[in-house]
Amino acid sequence: MTSSTLERHEAVIVGTGFAGIAMAIRLRQDGVQDVVLLEKADDLGGTWRDNRYPGCACDVPSNLYSYSFALKPDWDRAFAEQPQIWEYLRDVARRFGVDRLMRFGQHVVEARYDEQAALWHLRTAAGDRYVTPALVLATGALSTPSKPALTGLESFSGIVFHSAEWPEGDDGLTGRRAAVIGTGASAVQFVPAIAPRTKHLTVFQRTAPWILPKLDRTFSAREQQLYGRFPLAQKLVRAGVFTRLESRVLAFTAHPGAMQMAEKVALRHLERQVRDPELRRKLRPDYRIGCKRILLSNDYWKSFERDDVTLVTDGVSRIEANAVVDGAGRRHDVDAIVLGTGFKVTEPYGDLTIVGVGGRTLTDAWRDGMEAYLGVAVAGFPNMFLLVGPNSGLGHSSMVFVIERQVEYVIKTLRLKRSRGAEAVSVRGEAQRRFVEEMDRRSSRTVWTNGCKSWYLDRFGRNRTLWPASVLAYWRRMRQPHEHDLVLQTGGTTS
Ligand code: NAP
């Protein structure tokens, strides 16, 4: 029998991806030494640990996809691949000494706020307990795989797995007939990677994705040396990439009509990649580009030119022991099914019960949809911070940049709390309401709420995932905590 532990720490971070690691590093640099990171898996890395499907890479240029405080001069390519990004995270955690603060196999299942003591009490699945006055949830927006309830799936006799749970080693697909369900950002990367080795690949597309050419290339040794010797050179390139991506924001957020140019580029790309007009017609999206995430690939569309790859656009009707039956009643005999069906984004923290002031759960607070002030704080949940929370995702630039802004915001809010001798800090309900109203107002003009269904929108059709403005605007907003939006509680009094 193993005995469970009870530990108290100045700060507890849940999750060890880009967000958790940055938070731990900055807390320590800011003088908060007693920090632990609780991780349910057996290694660090978040999304870049879980998503190791063949072909997995980042679609944000690598020069921008790193922490500002830990540039990496020796990225292999313009768009880094998963193994190198994962290694980068491990390296940063080691270099900044936060790997030692991580506890693996610690699946937090409950976080309960004690109002009297202004402390969070955490409980893990194994029964270990942690107490802290500062809780940071860095569990990521894309961490819980979404597995559709396909009729008959349980009767399938072959292999079934989700793209974020790709088997290590032999995945069993080589020389077999496989079905892929879903054609989002993940599938677009793994379909071309597995097509050459499956016996036959049948791809079930519900909605065609928009795809632009990927301007990828390897970096030369000279470039890497240059960046290594002169970090300023890489900073300039990074600023250039940031500016280029940021320049597209108006088309996403205010003038979706301006997206037509990008559509033309994508359609030319489709024409070059696929000769058969009927196949092209099936692959051509029927909504405004940008409404769903714009994908980058030079080989996805081309895969369908292969004789051993079939595109099915009639939907999935049911699964049988050895086949997927499409909406038109056709049987597709397969030995394996890969679910490229995305993540539960608008219902986060599904496996974690969070209980705030007055015994109110976060699930209850979010019954009408998730919402958070600036993406980082929720009224009624003092001393708790979210990283990559509601309305702080991006459709057009690097999330690492946003994560750093949020981390700085948390650091400054905790400093404010300390400087006032306060026991608790939380956001005012009114401030959160104003923020959410602003998000709704801004979102109504964006390309995301005009013409398609995507995981950006919740079940009521509201954008509760993306920040509907420029990254620079978010940066400005996050520079200092706005004291009038916060409640600081000191020895029984609040201000
Ligand atoms: P996704 O973009 O949400 O795509 C899921 C796909 O599955 C969609 O094609 C969806 O169709 C389909 N689908 C879902 N449920 C289905 C059902 N019941 N029947 C048939 N089809 C179904 O998921 P993802 O590809 O895993 O990507 C998720 C996000 O991860 C991306 O948007 C991106 O933010 C991130 N990502 C990033 C990178 C990167 O390079 N940085 C790479 C991979 C992923 P509908 O479109 O019709 O819903």
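Preceding this paragraph is the structure being described.
Within each chain, residues carry numbers counting from 1 in the order of the written sequence. The predicted nature of this model means local features are confined to residues of pLDDT at least 70 and side-chain atom pairs, given and counted, to a pLDDT of 80 or more, with totals for whole chains, interfaces and linings taken over all residues. Hydrogens and water molecules were not included; the side-chain quantities draw on all heavy atoms of the structure.

1. Re the sheet that holds strand E15 (residues 316–320)
For two strands to be treated as a pair, DSSP must find no fewer than two bridges joining them. A helix here means a DSSP run of H or I that spans at least four residues, while a strand means a run of E at least two residues long, and both kinds are numbered starting from the N terminus. Taken in spatial order, the 3 strands line up as E15-E16-E17 in an open sheet, and their pairing is antiparallel. Lying at the two open borders of the sheet, with one neighbouring strand each, are E15 and strand E17 (331–333). Put simply, the sheet's adjacent strands are angled 25° from each other on average, direction ignored. Pairing analysis gives 4 bridges linking E15 to strand E16 (residues 323–326), with the strands arranged antiparallel. Along E16, the bridge assignment pairs valine 316 with aspartate 326. Here an axis means a line fitted to C-alpha atoms, over the contact stretch when the element is a helix, while the angle between two N-to-C directions is reported on a 0 to 180 degree scale.

2. A closer look at empty space enclosed by the protein
Both site types are read off a 1 Å grid over the protein atoms alone. A 1.4 Å probe that fits but cannot get out defines a cavity, while an open set with protein on both sides within 12 Å along at least five of seven lines defines a pocket; lining residues have an atom within 4 Å of a point. Grid points are joined across faces, edges and corners, and a volume is the space filled by probe spheres set on the points. Inspection of every chain in the model, using the stated rule, returns 2 cavities of 30 Å³ or more. By volume, the largest cavity is sized at about 60 Å³. Around the largest cavity, the lining residues are Tyr373, Ala377, Phe381, Met384, Phe385, Tyr409, Thr413, Val425, Ser426, Val427 and Leu486. When residues of the lining of the largest cavity are traced back to their parent elements, those giving at least two are strand E20 (384–386), helix H12 (399–419) and strand E21 (424–427). Sorting elements by how many residues they give to the lining of the largest cavity places E21 first, with 3 residues. Residues were grouped as follows: Ala, Val, Leu, Ile, Met, Phe, Trp, Tyr, Cys and Pro as nonpolar; Asp, Glu, Lys and Arg as charged; and all remaining residues, including Gly, as polar. Across the lining of the largest cavity, the residue classes break down as 9 nonpolar, 2 polar and no charged. When its volume is computed, the second largest cavity comes out at roughly 30 Å³. The wall of the second largest cavity is formed by Asp59, Ala185, Gln189, Leu295 and Leu296. Listed by contribution, the elements that provide at least two residues to the lining of the second largest cavity are helix H4 (185–194) and strand E13 (295–296).

3. Digging into helix H13 (residues 429–443)
End to end, H13 covers 21 Å across 15 residues, agreeing with the expected 21 Å (1.5 Å per residue, within 8%). Only protein chains enter the accessibility calculation, which uses a 1.4 Å probe. A residue is then buried if its area is under 20% of the maximum for its type, exposed if over 50%, and partly exposed in between. Of all the positions in H13, only Ala431, Gln432, Phe435, Val436, Glu438, Met439 and Ser443 are classed as buried. All buried residues of H13 fall inside an arc of 155° around its axis, so they share one side. The length a helix should cover is 1.5 Å for every residue beyond the first. To obtain the arc, one takes the directions from the helix axis to the C-beta atoms.

4. Description of the nonpolar core
In globular proteins that are soluble, nonpolar side chains generally tend to be buried together. Each nonpolar core is a collection of buried residues, namely Ala, Val, Leu, Ile, Met, Phe, Trp, Tyr and Cys, held together in the definition by side-chain atoms within 4.5 Å. Residues Phe18, Ile21 and Tyr67 are the most contacted members of the largest nonpolar core, which totals 119 residues. Broken down by element, the residue count for this core peaks at 11 residues, all from H12. Each residue touching tyrosine 67, except ones within four places of it in the same chain, is listed here: Gly17, Phe18, Ile21, Ala22, Tyr88, Leu89, Val92, Arg238, Val400 and Glu404. Grouped together as the second largest cluster of nonpolar side chains are 25 residues, Val36, Tyr113, Val378 and Leu386 included. We call two residues contacting when some pair of their heavy atoms lies within 4.5 Å.

5. A few points about unusual backbone geometry
Phi is positive for asparagine 383, close to 55°, though the residue is something other than glycine. Residue placement: asparagine 383 occurs in the loop between helix H11 (362–365) and E20. Positive phi outside glycine occurs at valine 388, with the angle close to 55°. Mapped onto the elements, valine 388 comes out in the loop between E20 and H12. Taking the relative accessible area as the measure of exposure, valine 388 reaches 18% and is therefore buried.

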